[in-house]
Amino acid sequence: MTIAGKTAIVTGSTSGIGLGIAGALAGAGAHVVLNSFTDTAEDHALAAAMARRHAVSVRYIRADMSKGDDCRALVEQAGACDILVNNAGIQHVAPIPEFPVAKWDAILAINLTSAFHTTAMALPMMRRSGWGRIVNIASAHGLTASPFKSAYVAAKHGLVGLTKVTALETAGEGITCNAICPGYVLTPLVEAQIPEQMKVHNMDRETVLREVILDRQPSRQFATTEQLGGTVTFLCSEHAAQITGTTISVDGGWTAL
Ligand code: NAD
């Protein structure tokens, strides 16, 4: 089985890591469903450009991954799902006593519960064809913790747990489920944290990147969206058919510390 001709749904894929993964899968010949919660001309133009570049079908489907019904409708509307990449995610940083309840709920819904809904819808489709790949984009924060990221760390640890259960429920059926745990990747999600860190530490941007953001990452280098796309493509290949229920860290040595 090759990736070419398969249908891949990548949640939260109009920017950053999701866009990189979608591009890598399209480059390997998969038909791709791009997703976010908006429905703009740019969203559809992104899909059209990716389709032209890789000569595959690329559709944009709007679905708010904080809503269970939207998550389920996304897979239903796609009509097929051989490869499911649960990537949508948001971040908020605050100490527990001040952590806004609405932010906690949104992070748990988007970063964890959405993957339960999409997986529930995708598994019957994968079982019918006897082949499937589920890749959950967790984080180094799915394996370790940092202060002030309670909801994110809890959701990502939960996503690693869901990954293991999904793998056990599908073992031997031609379906695998794994989690990728990236360290820092310079995407809009990380960009958004930089101004606050510059203020808190009274540092310029370059110093914050090196001394604060990449402090936990021994390589002191960001992982790239291309590297994550390549890791997903590998997990979707036949070489990875017996890799299931595990995590792959792409974190410059963070979790080796
Ligand atoms: P990003 O902000 O660049 O992209 C997030 C994507 O999710 C966007 O396309 C956004 O539109 C979409 N999204 C947000 N809320 C949504 C919703 N309610 N419904 C549907 N789509 C929604 O972020 P990123 O850095 O590319 O992160 C992607 C994933 O990788 C996240 O799960 C994140 O936790 C994880 N991750 C990121 C890093 C990093 O350093 N950037 C590290 C580890 C893990």
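The structure reproduced in this document is the subject of the present report. (Residues numbered from 1 in each chain as written. Predicted model: local features only at pLDDT ≥ 70, side-chain atom pairs only at ≥ 80, totals over all residues. Heavy atoms only, no water.)

**A few points about the packing of helix H4 (residues 101–129) against helix H5 (residues 150–170)**
Helices that pack against each other are described as a pair by the angle of their axes relative to one another and the distance between those axes. Quick note on the threshold: Axis definition: a line fitted to C-alpha atoms, over the contacting stretch in the case of helices. Angles run 0 to 180 degrees between N-to-C directions. The helix count covers DSSP runs of H or I at least four residues long, the strand count covers runs of E at least two residues long, and both are numbered beginning at the N terminus. Note that the term roughly parallel is reserved for angles under 35 degrees, roughly antiparallel for angles over 145, roughly perpendicular for angles of 65 to 115, and oblique for everything else. Here is the rule for handedness: rotate from the far helix to the near one, and if that takes an anticlockwise turn smaller than a right angle the crossing is left-handed, while a clockwise turn gives right-handed. Every residue pair with non-hydrogen atoms within 4.5 Å of one another is taken to be in contact. Any residue outside Ala, Val, Leu, Ile, Met, Phe, Trp, Tyr, Cys, Pro, Asp, Glu, Lys and Arg is labelled polar, Gly included; the first ten of those are nonpolar and the last four are charged.
Two numbers describe how H4 lies on H5: the axes approach to 8 Å, and their chain directions differ by 15 degrees. The angle between the axes of H4 and H5 places the two elements in the roughly parallel class. Classified by chirality, the crossing of H5 by H4 is right-handed. Counted together, Trp104, Ile107, Leu108, Asn111, Leu112, Ala115, Phe116, Thr119, Leu123 and Arg127 of H4 and Ser150, Ala151, Tyr152, Ala154, Ala155, Lys156, Gly158, Leu159, Leu162, Thr166, Glu169 and Thr170 of H5 form the full contact between these two elements. Class assignment for the residues of the contact of H4 with H5 results in 13 nonpolar, six polar and three charged.

**Some thoughts on the packing of aromatic side chains**
This is how it is decided: Side-chain rings of Phe, Tyr and Trp, where Trp is taken by its six-membered ring, are said to pair if the distance between their centres is within 6.5 Å; with planes under 30 degrees apart they count as stacked, over 60 as edge-to-face, and otherwise as tilted. Relative accessibility decides the category of a residue: with a 1.4 Å probe and only protein chains considered, values under 20% of the type maximum give buried, values over 50% give exposed, and everything between is partly exposed. Criterion for a charge above a ring: Lys NZ or Arg CZ within 6 Å of the ring centre, and within 35 degrees of the ring normal.
In this structure the tally under the stated criterion is one aromatic pair. Between Tyr184 and Trp254 the ring centres are 5.4 Å apart and the planes differ by 20 degrees, which places this aromatic pair in the stacked class. Of this pair, Tyr184 sits in the loop between strand S6 (175–182) and helix H6 (188–191) while Trp254 sits in the segment after strand S7 (247–250), and the two are 70 residues apart along the sequence. You can call Tyr184 buried: its relative accessible area is 13%. For Trp254, a relative accessible area of 5% translates into the label buried. The ring of Trp131 has Lys6 sitting right over it, with the charged end atom 4.5 Å from the ring centre.

**Digging into the side chain of Gln193**
As a reminder, the rule being used: Any N or O atom pair separated by 3.5 Å or less is treated as a polar contact, with the protein-specific requirement of one donor-capable and one acceptor-capable atom, and with residues adjacent in sequence counted only for side-chain atom pairs.
The residue Gln193 is located in the loop between H6 and helix H7 (194–201) in this model. Here the side chain of Gln193 touches Leu189 through a polar contact of 3.3 Å, landing on its backbone oxygen. Here Gln193 is in contact with Gln91 and Lys149, once residues within four sequence places are set aside.

**Describing the packing of helix H1 (residues 16–27) against helix H9 (residues 225–235)**
Contact geometry for H1 and H9: axes closest at 8 Å, N-to-C directions at 50 degrees. Between H1 and H9, the angle is such that the two are oblique. Read as a crossing pair, H1 and H9 show a hand that is right-handed. For the pair H1 and H9, the contacting residues are Gly16, Ile17, Gly20, Ile21, Ala24 and Leu25 in the first and Thr225, Leu228, Gly229, Gly230, Val232 and Thr233 in the second. Here the contact of H1 with H9 is built from residues that sort into six nonpolar, six polar and no charged.

**As for the sheet that holds strand S4 (residues 83–86)**
What counts, and what does not: Any two strands with at least two DSSP-identified bridges between them are counted as paired.
In spatial order, the strands read S3-S2-S1-S4-S5-S6-S7; together these seven strands make up an open sheet with parallel pairing. Strands at the two margins of the open sheet, each flanked by one partner only, are strand S3 (58–62) and S7. Between one strand axis and the next, the sheet turns through 20 degrees on average, direction left out of account. Bridge analysis of strand S2 (residues 31–36) against S3 gives five bridges, and the strand direction is parallel. Residue pairing in the sheet places Val32 in a bridge with Val58 of S3. Of the strands in this sheet, strand S1 (7–10), S2 and S3 are in contact with helix H3 (residues 68–78), which crosses S3 at around 155 degrees. The strands touched by H4 within the sheet are S4, strand S5 (132–137) and S6, with S4 carrying the most contacts at an inclination of about 170 degrees.

**Description of the site of the ligand**
Our working definition: Near residues are defined by distance, with any heavy atom within 4 Å of the molecule or strand qualifying the residue. To measure how exposed things are, a 1.4 Å probe is used in the Shrake-Rupley method; for residues, cover is taken only from the protein chains shown.
Taken together, the neighbourhood of the ligand is formed by 31 residues, with Ile17, Ser36, Asn87, Tyr152 and Thr187 sitting nearest. Taking Asp64, its side chain carries an N or O atom lying 2.9 Å from a nitrogen atom of the ligand. For the ligand, whose free accessible area comes to 830 Å², the fraction covered by protein is 92%. Of all the elements in the fold, those that place two or more residues in the shell around the ligand are H1, S2, H5 and H6. For the shell around the ligand, a count of residues per class yields 16 nonpolar, 13 polar and two charged.

**Quick look at the nonpolar core**
The line we're drawing: Residues belong to one nonpolar core when they are buried, are Ala, Val, Leu, Ile, Met, Phe, Trp, Tyr or Cys, and are joined through side-chain atoms within 4.5 Å.
With 31 residues, the main nonpolar core has Leu25, Val85 and Val232 as its most contacted residues. Looking at this core, the elements with two or more residues in it are S1, H1, S2, helix H2 (41–54), S3, S4, S5 and H9. Examining the composition of this core, we find that five residues originate from one element, H1, more than from any other. Excluding its chain neighbours within four sequence positions, the residues that come into contact with Val85 are Ile9, Val10, Thr11, Ile21, Leu25, Val135, Ile137 and Val232. Of all hydrophobic cores here, the second largest spans 21 residues; its members include Ile61, Leu74, Ala88 and Met125.

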